[in-house]
Amino acid sequence: MWILQLSDLHVPSSWRDVGQRELLMGQLVERTLDAGVARHDLAVVVCGDMTHRGDPDGYPRAAEFLTGLMSILIDFAPVLVLCPGNHDIVASDRPFEDYNRFAWKLTEADQFLFSGRQTCSKFVCRDSEFVIANSAYHGDTGFGRIDLRPLRKLLAEPPAVNRILVTHHHLIPCSYDSSNAHNCSVLRNSYEVMDLAAGKEVGVVLHGHLHLRSTMTVGTSAMAIVGAGSGGNSPDLPTFQCNLLHVELGRVQVIRSFYFLLDPAGGRLQEISN
Amino acid sequence: MLTLEGASFSELARKAVEACNHGPVLNLVLHASVSRDELDSPFLDGFKSKALKWQDPVRPTDLVFNHGEYMMGALDYVVDELRRKPDSNRACAVLLRTSDLIGRGDEPVPSFLVVQFAVDQAAGLLSTTCYYRALEVVEFLPVNLAEAALMSKSVLSGYPGVADVDLTLFAFRAHRTPGFNLFERASLDLAAHYDVYSAVVSGNTDQLATWISSKLVVESQIETEGLQQLLVAVERQPAGVYSAEVVENLAEAIDAMEQLREFRCTKSTGAEVALLTERVQTSLKAARDGLV
């Protein structure tokens, strides 16, 4: 299974396509073909923060962006896997209602809808399963936490060939910017999550939140933890970053990372060497 | 006629969209037998606040109309009627009379016409049946299902021992119109004249883009006044402040919307409607994306 990992789209209600999008998408397709991705073997995974600061009007624009992306990639017949983030908490009394509406319209799949009754879910696609854990399920925008009970239950089931855990918040604290709270907004129960996941044949954990590309391996099973940078739609987040991963036989075989600076003068999708 | 069965409300919604992929379906019947818990599913959660607005006895200001204003407290009557006579055939709410349609042309009135309930306490079953004169399955059906869930929960509040719900929806004409706007007035049409003018003069392109985007839905009740205000304000700015592309596309969108409004007086669906709708969407996106 090939995975195109995006995260932190932060699409504002004022989003408009100023032309680079087509350029970027076209180059993404070239890179995907160049990597040898076959039809029906691609999943586009978005690790949360579809809208910006809980703005419900960001969702139609985020849907427009993702519909455009899926349409450009149509020759690969990709599936779309979605996970909410802390910016997708729109209102305290109905935190993921707008997100759920957005996810339903794009996927018509219950597995991408989250509430107090469904904090984790599983989406199976051919020989791969995506276990999606809503790390913002508790409704607090300040930090991440995964609901361990349903996660344990899902991971106790017999695994598919490739088992991929998808969440929003990063698992390992980072103090790259001492002026913000990112090192405090880490997944609070990340040790339990990593311990559980590594023991239950999770080959890779995909996350976002930090707006930084990162790759680490953990445990004796060398479980990969891969973070994607931002989707670059918000005016204060002009840089687009994504990862193209190949997961086979339960492990990450290849990770290619790309970076695109959204500049009115034009831009190029550049590969980052690992 | 087509009958679709589902094990969940989300499955019904998915099947209905698939059924209408190649055109409207006449006499679509949707049926699900579910447990009471399904009334709180994550799928229905996603549409609950919209359903509450549609059920509100006082029409919210951002809706052209709603169901609650036509139901006039009918659910209270239903609950009382079932308490009075558990096997009553009158536990129903009727939203429209023929007189509400005669002479009204295409003025907006509910498609949701009737809902009826029955409770079989021995069997632990609530039956809810709804009838729609027309039903849009992509955008509106999930909201209607959420409304049916809310209404069912209201009735069930008096029956803690009833564990199952049998839901049947009849739609005379079910159709698929992605982007259908649920009779919600766009934020541009709710904005004050002064705010629109002020945003244009100050070059607040983010606000202008948000407003133009708010018109990207497929409106049943087509409103062009907000766009016209915006166009007039943009045209009055010194040359070069806004590109000719923005002006042309705003004008094109308004023209297409007015043609669509006129065309819809005689036909609701079809290739011509689809073409005009496409023209509106393309022009609006081009106008929005031309704002720099």
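Up top is the structure these notes are about.
Rules used throughout
- Residues numbered from 1 in each chain as written.
- Chains lettered and ligands numbered in written order.
- Predicted model: local features only at pLDDT ≥ 70, side-chain atom pairs only at ≥ 80, totals over all residues.
- Heavy atoms only, no water.
- Helix = DSSP H or I, 4+ residues; strand = E, 2+ residues; numbered from the N terminus.
- Rg over C-alpha atoms; globule rule 2.2 N^0.38 Å.
- Buried < 20%, exposed > 50% of the residue type's maximum accessible area, 1.4 Å probe, protein only.
- Contact = heavy atoms within 4.5 Å.
- Areas by Shrake-Rupley, 256 points an atom, 1.4 Å probe, with all protein chains shown as cover.
- Lys, Arg positive; Asp, Glu negative; His and termini not counted.
- Charge placed at Lys NZ, Arg CZ, Asp CG, Glu CD.
- Axes fitted to C-alpha atoms, helices over the stretch in contact; angles between N-to-C directions.
- Parallel < 35°, antiparallel > 145°, perpendicular 65-115°, else oblique.
- Left-handed = near helix turned anticlockwise from the far one by under 90°.
- Pairing = 2+ DSSP bridges.
- Buried area = accessible area lost by both parts, 1.4 Å probe.
- Salt bridge = Lys/Arg side-chain N within 4 Å of Asp/Glu carboxyl O.
- Polar contact = N/O pair within 3.5 Å; in protein donor to acceptor, adjacent residues only side chain to side chain.
- Phe/Tyr/Trp six-rings, centres within 6.5 Å; stacked < 30°, edge-to-face > 60°.
- Lys NZ or Arg CZ within 6 Å of the ring centre and 35° of its normal.
- Patch = residues over 30% accessible without salt bridge, like charges linked within 9 Å, V, L, I, M, F, W, Y side chains within 5 Å.

What to know about the overall build of chain A
Piece 1. Counting its regular elements, chain A contains five helices and 12 strands.
Piece 2. On C-alpha atoms alone, chain A measures out to a radius of gyration of 17 Å, which is about the 19 Å that the 2.2 N^0.38 rule sets for 274 residues.
Piece 3. Taken along the three principal axes of its C-alpha coordinates, chain A extends 50 × 45 × 40 Å.
Piece 4. Put simply, chain A has 274 residues, and 60% of those count as buried.
Piece 5. Counted over contacts in chain A with a minimum sequence separation of 6, partners at least 24 positions apart contribute 68%.
Piece 6. Of the roughly 10,600 Å² of accessible surface on chain A, a fraction of 51% belongs to carbon and sulfur atoms.
Piece 7. Considering chain A, the positive charge centre built from 23 side chains and the negative charge centre built from 30 side chains are found 4 Å apart.

Overview of the packing of helix H10 (residues 225-235) of chain B against helix H11 (residues 244-263) of chain B
Residues and elements named next belong to chain B.
Piece 1. In the contact formed by H10 and H11, the axes pass within 10 Å of each other and the chain directions differ by 155 degrees. One way to sum up the angle between H10 and H11 is to call them roughly antiparallel. The interaxial crossing formed by H10 with H11 has left-handed handedness. Along its contact with H10, which presents Leu227, Gln228, Leu230, Leu231, Val234 and Glu235, the element H11 presents Val247, Leu250, Ala251, Ile254, Met257 and Glu258.

Examining the sheet that holds strand S8 (residues 214-218) of chain A
Sheets are built from strands paired through backbone hydrogen bonds, the pairs being either parallel or antiparallel.
All names here are of chain A.
Piece 1. An order of S4-S5-S6-S7-S9-S8 is seen for the six strands of this open sheet, with the pairing classed as mixed. The open sheet terminates on both sides in strands that have one partner only, identified here as strand S4 (120-125) and S8. Averaged over all pairs of adjacent strands, the angle between strand axes in this sheet comes to 20 degrees, irrespective of strand direction.
Piece 2. Bridge count for strand S6 (residues 162-166) against strand S7 (residues 204-207) is three bridges, and the pairing is parallel. The residue of S7 that forms the bridge with Val166 is Leu206.
Piece 3. Sheet strands in contact with helix H4 (residues 148-156) are S4, strand S5 (128-133) and S6, and its direction is about 25 degrees off that of S4.
Piece 4. Packed onto the sheet, helix H5 (residues 190-199) meets S6, S8 and strand S9 (223-227) and runs at close to 130 degrees relative to S9.

As for the interface of chain A and chain B
Piece 1. The interface is formed by 20 residues belonging to chain A together with 26 residues belonging to chain B.
Piece 2. Counting each side, the surface lost to burial between chain A and chain B is near 2,100 Å², with a carbon and sulfur contribution of 49%.
Piece 3. The three residues of chain A that bury the most area against chain B are A:Arg16, A:Trp104 and A:Arg117, which together make up 29% of that side's buried surface.
Piece 4. One can count two salt bridges joining chain A with chain B.
Piece 5. Residues B:Glu139 and A:Lys105 are paired through a salt bridge, measuring 3.0 Å at the closest nitrogen-oxygen approach.
Piece 6. For the pair chain A and chain B, the number of links is eight residue pairs in polar contact (both at pLDDT 80 or more).
Piece 7. Among the elements of the structure, helix H2 (58-72) and helix H3 (97-107) of chain A are those that each provide at least two residues to the side of chain A that touches chain B.
Piece 8. Considering every element that reaches the side of chain A that touches chain B, the biggest residue donor is H3(A), with five residues.

What to know about the packing of aromatic side chains
Piece 1. Counted under the stated rule, the structure contains 14 aromatic pairs over all chains.
Piece 2. By way of ring pairs, the aromatic residues B:Trp54, B:Phe65, B:Phe140, B:Phe180 and B:Phe183 are connected into one cluster.
Piece 3. Above the face of the A:Phe143 ring, A:Arg188 is positioned so that its terminal group lies 4.2 Å from the ring centre.

A word on the sheet that holds strand S1 (residues 2-6) of chain A
Residue and element names in this part refer to chain A.
Piece 1. Spatially, the six strands line up as an open sheet ordered S3-S2-S1-S10-S11-S12, and their pairing is mixed. Either end of the sheet is taken by a strand with one partner, and the two such strands are strand S3 (79-82) and strand S12 (270-272). Direction aside, neighbouring strands of the sheet carry axes that sit 25 degrees apart on average.
Piece 2. Pairing analysis gives five bridges linking S1 to strand S2 (residues 42-46), with the strands arranged parallel. Residue pairing for S2: Ile3 is matched across the bridge by Ala43.

What about a nonpolar patch on the surface?
Piece 1. Judged by side-chain polarity, B:Leu26, B:Tyr131, B:Phe170 and B:Phe172 come together as a nonpolar surface patch covering roughly 340 Å² of accessible area.
Piece 2. Following the sequence through the fold, B:Leu26 ends up in strand S2 (residues 25-35).

As for the pattern of salt bridges
Residues and elements named next belong to chain B.
Piece 1. In this structure the tally under the stated criterion is 26 salt bridges over all chains.
Piece 2. Note that Asp40 is salt-bridged to Lys153, the shortest N-O span being 2.5 Å. Of this pair, Asp40 sits in the loop between S2 and helix H2 (42-45) while Lys153 is found in helix H6 (residues 140-156), placing the two residues 113 residues apart along the sequence.
Piece 3. Residue Lys50 pairs with Glu184 through a salt bridge whose shortest N-O separation is 2.6 Å. Linking Lys50 in helix H3 (residues 48-55) with Glu184 in the loop between strand S7 (164-175) and helix H7 (187-190), this pair joins segments that are 134 residues apart in sequence.
Piece 4. By relative accessible area, Lys50 is classed as buried at 14%.

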